[in-house]
Amino acid sequence: MAKGVWIVAEQRDGAFRKVSFEIASAARKLADELGDEVSAMVLGSGIEGIAAELGKYGVDKVYVADDPAFEKYTTDAYVQAVTKAVKENDPAILLLAASVEGKDLSSRLVGSLATGMASDCTDLRIEGGKLIALRPMYAGKAFAEVEVDGSPQMASLRPNVFPVVESAKAGEVVKFDPALDAAALKTKIVDVQKDASGRVELTEAMVIVSGGRGMKGPEGYQILEALADLLGAAVGASRAAVDAGWRPQTDQVGQTGKVVSPNLYVACGISGAIQHLAGMSSSKYIVAINKDEEAPIFAKADYGIVDDLFKIVPELTAEVKKIL
Amino acid sequence: MAHGGEHVLKVGNEGREVFWNAPYEGILFFFTAIALVIFAYGIYRRWQMWKAIGLPENRTDNAGERFKALIMNGLFQVKTFREAYPGIFHGLIFFGFLVLIFGAAIDATQFHIGLPFFHGGFYLWFSLIMEIFGLAVLIGIVMAIMRRYIFKPDFLGYKGVPDNRPDDAIVLVGIGAIIVTGFIIEALRLHVNINVDGFTWGDWSFVGYALSKTLAGVSYDTTRILHKITWWVHSFITLGLIAYLPFSRLLHIFTTPANYYMKNLEPTGTLKPIADFENAESFGAGQLEDFTWKQIFDSEACTRCGRCQDGCPAYISGKPLSPKKVIQDIKTYWLERAPSVLAAGKKTKEGEEAAIPEPDKAMVGEVIDLHELWACTNCMYCMEHCPALIEHVPKIVQMRQYKVLMEADFSPELQLTYRNMENNSNPWGIGAHMRGDWAKDLGIKTLAEDPDVEYLFYVGCSGSFDDRGKKVSVAFAKILKEAGVSFGILGEEEGCCGDSAMRGGNEYLYQTLAQMNIETMNGYGVKKVVCTCPHGYNALKKDYRHFGGNFEVFHHTEILADLIAKGKIKLTKPVEGLFTYHDSCFLGRYNDIYNQPRQVLGAVPGMRMVEMKSNRAKSFCCGAGGARMWMEEDIGERINDMRTDQAIDVKADTIAVGCPFCLTMMSDGIKDREKEENMKAFDIAEIVWQSMAVEKETDAGTPPE
Amino acid sequence: MNIVVCVKQVPDTEALIKVKADGSGIDEGGIKWVMNPYDEFGVEEALKLKEKNGGDVTIVSVGPARALETIRTALAMGAEKGIHINDPALEGADAYTTASALAAAIKEIPHDIVFCGMRAIDDDAGQVGSILAELLGIPQVTVVTKLEVADGKATAVKAIEGAQLVIETSLPCVITAAKGLNEPRYASLPGIMKAKKKPVDVKDAAALGISVAAKAKIVKMMPPPERAPGKIVGGEEAAEKAAQLVKLLREEAKVI
């Protein structure tokens, strides 16, 4: 009988990512309802030292797969190890982050474990002993409650949505030998090109400053970048701006770009096409700055300023400087 | 000489001996025969070339109307006279030569057969008329030479580089020389006459007579020799020009009138729909052979006069497109290609398929540059003003069709626009379900709710989705309600009119959209349609009939003018300011609606009107037609900014328009020129609604009806 | 080179999504169906590879009868043939079942590269490509923005948080396409006409020998929660408005 709530915690360069604490906290909550333990699995190279940290967020047991092969995330190696661990321990629930890495890993695990998964969930609960996940569909134009029937019941959790809750547990570290079959490793990372901006990635950002057609051209983004740097924010763009070639495609927020849910989304010169709103309407707070008072973005905004963004944004930057 | 000798030339029986002092008629006939043979060969050769390439097209139906066009533009030079300077000099040369040729015919008849009346009063008047028209031709030629070689207007060249060919000089100098030598001959003859005959009627040949006075002291024999020489020079130049004509720009004497006769009888700007998508192997014009013979013949009627280029918004704003250049480039390539096609045809034996060589140049991309092709706004200036009735725009659209339909090779912005039109039936790609949202709170019924209305208000994409355009729709709908006009909209059932697809070369998408609209409208038994967008107006009125959409279509300015004239709406509240009206191409040049918008504005109290430099048929495009609305404008200056400058120049504080595309472009122009503080752009419906002073009353609590 | 592209028909991004009153799904009335935009990148990349290396592009889609339009769209762009997996039992299938159906169909045909979109914009799950790779027993690179194929291996660029990874994989493999990979072509008219005559095999679950039991079931759908109306920050000057906003964000929203 499958038992226990498992998570795969995500670390990079020897430090846990915040989303790992979010899923640990969420797992703790489910485990408490089920009267079960939370186990975490963490993979990496030379990361044994950090494993116990997860105990702080309610993890009872941490399985550590420490191997040079895990230094960087690769689908093949990680899937092999996690599949083996899950099959050996047979947990009832398996949670991962819906981050770039987590999405890749969790989806493949659905295949290797022949189960089902609710991806990119925004809420989880237990009903009749079963995991019920709430997840947006159609880029947030509808929500669905999903019941996962397979074993384990898998869910990936949207970053920035689940609260980080501290609840001290043992965090007992258990070494896990993945016994990797090297012949099965068919992919390798040949290069890592770090982004020059050093800014936080859109899907992970707590604050996003985003610009649309109203920016008038690539130069306009300089004032957004200045504000973003001050707030530790990511810079996003609407499809119009990306299609015009003002910003790279990786910056696009919207249904055909990235779906984001930061605490604060500042939309500058974005009229608010449905396809853009779909990508950011789950943000906690939305600020709209637009000259056109009838722009649809104002209907979604918590705070709106009807004015020329080229006047407002520099003033905002100045104001923020005062308080930070 | 036997002829002409019957009359004793004296006062009361004035005349002259035709062919006096030129007793070698046999030789002249010989040279004339040679000239005519060369002329005939030239025409025959050209005829063969005209027949060599091009798809069939019937341009000889409805002879009455065609003959009328020929007389109006050929004989009366109506189109040519639209521009004063070239109109005048061309008129001088044309009418001058017409009369001179008639005179020459009289001369010849007198010489060969003898004209009983070729003396006395008739002769004197004949002399005077010949003199006047000869002088007219000479003045015309001088004016033409001055224009081409001294004034050097840009429209005779391309981008500041003159396009003066040897042919131009040969023709101008040749014609001038015929006249000058004619006068000299006359002067020499008069000089002899004065000396010999006691001649008294010199003033009837005042030019020659005046000239003859410079010959005082020249002896009879010398004069005879000089006369003989000049006479032969005159004859050889004339015969030379006759022989040269088929190979020169003078060919337009035949080709341009032929083009008048073969003019397009369809309404302005309508494009021939592609009939069969399923079975055709090629769409649009990818090579010369994809044009009809008439489309190629157009380039033969072109005299490089440059009027098309002179008003082309693309050219003026610094883009590579010149309608003249397009036509000339087609001609140049045709001149290369036609002989090789002809030669291939000759080698072929009866019953065999001719081994026509593969075209060595792609029509689009090599003969016509892609930047030229996509710069056209379909504004119709070129076709409106071409004195040879050349049809530039359909050729451009057909070449676009080739790029879009066959090669799917066109700008990414336009691809996105077309996808949006495919998926959501509007160029912005806004959800199709939101089309009727602008009317939500206005109590306007859709035809689904009530099909029993007089007018369908076809709102169009701008009026339905564009924030600025929506305000125009609201204003116009409120006016209609206030005037008690029975109307309805299609709401979500309405689709994009497809104009931008058609003019951007995506005929397939256009027809799909048109057919859906027609089906919907016919389903409701729609008879009358009113549009606030001239693009929809033009498409519904002229192009939808090809697919079974026969509606009586009105532009909202027509309806507004009518409502005002009938007193159905009262404009009472003054709207202060200096207004200028920007003629939309699809309203003005396409549909001849110039007056109604001005009438409507004229009825607004308080308003002062001023015309921009380019207005009415010469209006300068806003830059958005021909699918340009959806494309980047990255070469040269922005057309809308240049148009805005014209409004700024006349110190207008409001640009009134009757087209949502123009409204966007003019608003953007005002922003670009940083005139937002003191300039605005409004649709005429908005101005009318403002002047109706109704909203304030309802706002103040008067319940709406 | 034999290339397979998995495509899905989805509502247009701008479509109005109305959840049925009983929460059993969405109201499909009035929806314009299009090819999933990420799948379009896959089709385009497949066609580019074919044009460079030769071979065939096969389009596979799971969906009801209308999904055939989407297969035809891909054929119009230039793919050679289609496989349409159409079975009422697969309606609303979960990712695992869908991937099983695709895998069963693809196993029967030669495949050097299989393209999928990184996610479908209807269910937004993004699972199928990876499950398919697992079921086919071949490696995957997901969310790819650049791809090169040479010498029996593929080199793909994938954007992760703050960096671009260059990943090399052996063939055959599954690539899931992200925006930026290419600009999908506009189908030419002869392409559209020819597509009508290209072969499309129709298969059902029985023919593929797969189980249709879902492991993740949607039990209820609901519209998104309404947002409370916001407020317009007033003020005369830009500076005043900015100061007001910063105050609100700090004191009321507590987000900065």
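Residues numbered from 1 in each chain as written. Chains lettered and ligands numbered in written order. Predicted model: local features only at pLDDT ≥ 70, side-chain atom pairs only at ≥ 80, totals over all residues. Heavy atoms only, no water.

S.K.: Would you mind showing me how to read empty space enclosed by the protein here?
M.R.: Empty space left among the atoms is revealed by rolling a probe the size of a water molecule over them. Residues and elements named next belong to chain B. One pass over the full model with this rule turns up 10 cavities of 30 Å³ or more. Here the largest cavity defines a volume of roughly 150 Å³. Looking at the largest cavity, it is lined by 17 residues, and the ones nearest its centre are C461, C496, C497, C533 and F661. Elements that contribute at least two residues to the lining of the largest cavity include exactly α17 (460-465), α19 (499-503) and α21 (534-543). (1 Å grid on protein atoms, 1.4 Å probe; cavity = no way out; pocket = protein on both sides within 12 Å on 5 of 7 lines; lining within 4 Å. Points joined across faces, edges and corners; volume = space filled by probe spheres on them. Helix = DSSP H or I, 4+ residues; strand = E, 2+ residues; numbered from the N terminus.)

S.K.: Explanation requested: the sheet that holds strand β12 (residues 172-175) of chain A in the structure shown.
M.R.: One key point about sheets: their strands pair by backbone hydrogen bonds, in either a parallel or an antiparallel sense. All names here are of chain A. Reading across the sheet, the seven strands line up as β7-β11-β6-β1-β4-β5-β12 and stay open at both edges, with parallel pairing between neighbours. Where the open sheet ends on each side, the last strands, each with one partner, are β7 (117-121) and β12. Strand-to-strand twist of the sheet, defined as the mean angle between neighbouring strand axes without regard to direction, takes the value 20 degrees. Sheet topology note: the strand β1 (residues 5-9)/strand β6 (residues 93-97) ladder contains three bridges and is parallel. Its bridge partner being in β6, I7 is matched across the sheet by L95. Helix-sheet contacts for helix α1 (residues 18-34) involve β1, β4 (38-44), β6 and β11 (153-157), and the interaxial angle to β1 is about 175 degrees. Along the sheet, helix α2 (residues 75-89) makes contact with β1, β4, β5 (61-66) and β6, crossing β4 at roughly 155 degrees. (Pairing = 2+ DSSP bridges. Axes fitted to C-alpha atoms, helices over the stretch in contact; angles between N-to-C directions. Contact = heavy atoms within 4.5 Å.)

S.K.: In this structure, what is going on with the interface of chain C and chain B? I would like to understand it.
M.R.: Note: interface size is frequently given as the accessible area lost on complex formation between the parts. The interface of chain C with chain B comprises 17 residues on the first partner and 20 residues on the second. Roughly 1600 Å² is buried in total at the junction of chain C and chain B, and carbon and sulfur atoms are behind 55% of that figure. The largest per-residue losses of area from chain C upon contact with chain B belong to E14(C), Y186(C) and L189(C), which jointly make up 46% of the total buried on that side. Across the chain C-chain B interface, the total number found is two salt bridges. For the salt bridge of E278(B) with K196(C), the shortest nitrogen-to-oxygen distance reads 3.1 Å. In this assembly, chain C and chain B are joined by 11 residue pairs in polar contact (both at pLDDT 80 or more). The element best represented in the side of chain C that touches chain B is helix α5 (residues 189-195) of chain C, accounting for four residues. Its residues assigned to classes, the side of chain C that touches chain B comprises 10 nonpolar, one polar and six charged. (Buried area = accessible area lost by both parts, 1.4 Å probe. Salt bridge = Lys/Arg side-chain N within 4 Å of Asp/Glu carboxyl O. Polar contact = N/O pair within 3.5 Å; in protein donor to acceptor, adjacent residues only side chain to side chain. Nonpolar A, V, L, I, M, F, W, Y, C, P; charged D, E, K, R; others polar.)

S.K.: I would appreciate a short explanation of the sheet that holds strand β5 (residues 577-581) of chain B in the present structure.
M.R.: Residues and elements named next belong to chain B. If you walk across this open sheet you meet the four strands as β6-β5-β7-β8, and the pairing is parallel. Edge positions in the open sheet fall to β6 (607-610) and β8 (680-683), since each of these has one partner strand only. The mean inter-strand angle of the sheet, taken between neighbouring strand axes irrespective of direction, is 35 degrees. In this sheet, β8 lies alongside strand β7 (residues 654-657) in parallel orientation, the contact comprising four bridges.

S.K.: What exactly am I supposed to notice about the side chain of T80(B) here?
M.R.: Tracing the sequence through the fold places T80(B) in the loop between α2 (63-75) and α3 (84-112). Not counting chain neighbours up to four residues away, the residues in contact with T80(B) comprise G87(B), H90(B), Y260(B), R307(B) and P387(B).

S.K.: Can you help me understand the domain arrangement of chain B in this one?
M.R.: Taken domain by domain, chain B holds domain 1 (25-261), domain 2 (288-345 + 355-406), domain 3 (426-526 + 533-544) and domain 4 (565-699). Using only C-alpha atoms to locate each centre, domain 1 of chain B and domain 4 of chain B end up separated by 48 Å. (Domains from an automatic or database assignment.)

S.K.: So what exactly am I meant to see when it comes to the confidence of the model for chain C here?
M.R.: As a general rule, the predicted coordinates of low-pLDDT regions are not to be interpreted in detail. Within chain C, residue pLDDT values average 94, and 100% of them lie at 70 or more. Interface confidence in the predicted complex, given as ipTM, is 0.92; pTM for the same model is 0.91. (pLDDT = per-residue confidence, 0-100.)

S.K.: Can you help me understand the environment of P152(A) in this one?
M.R.: Residues and elements named next belong to chain A. Assignment of secondary structure puts P152 in the loop between β10 (142-148) and β11. Exposure remark for P152: the relative accessible area of 3% places this residue in the buried category. As for P152 and I305, which are separated by 153 residues in sequence, their C-alpha atoms are 48 Å apart. Every residue in contact with P152, bar those within four places of it in the chain, is listed here: V86, P91, A92, I93, L94, L113, T115 and G116. (Buried < 20%, exposed > 50% of the residue type's maximum accessible area, 1.4 Å probe, protein only.)

S.K.: Just checking my understanding: could you explain the environment of D308(A) for this structure?
M.R.: Residues and elements named next belong to chain A. If you trace the backbone, D308 turns up in the loop between β18 (303-306) and α8 (309-323). Judged by its relative accessible area of 19%, D308 falls in the buried class. For D308 and Q80, which are 228 residues apart along the polypeptide, the C-alpha to C-alpha distance reads 54 Å. Among the polar contacts made by the side chain of D308, one reaches the main-chain amide nitrogen of F310 at a distance of 3.0 Å.

S.K.: Mind showing me how you'd approach the domain arrangement of chain C here?
M.R.: Assigned domains within chain C: domain 1 (2-208) and domain 2 (230-256). Once you take the C-alpha centre of each, domain 1 of chain C and domain 2 of chain C turn out to be 46 Å apart.

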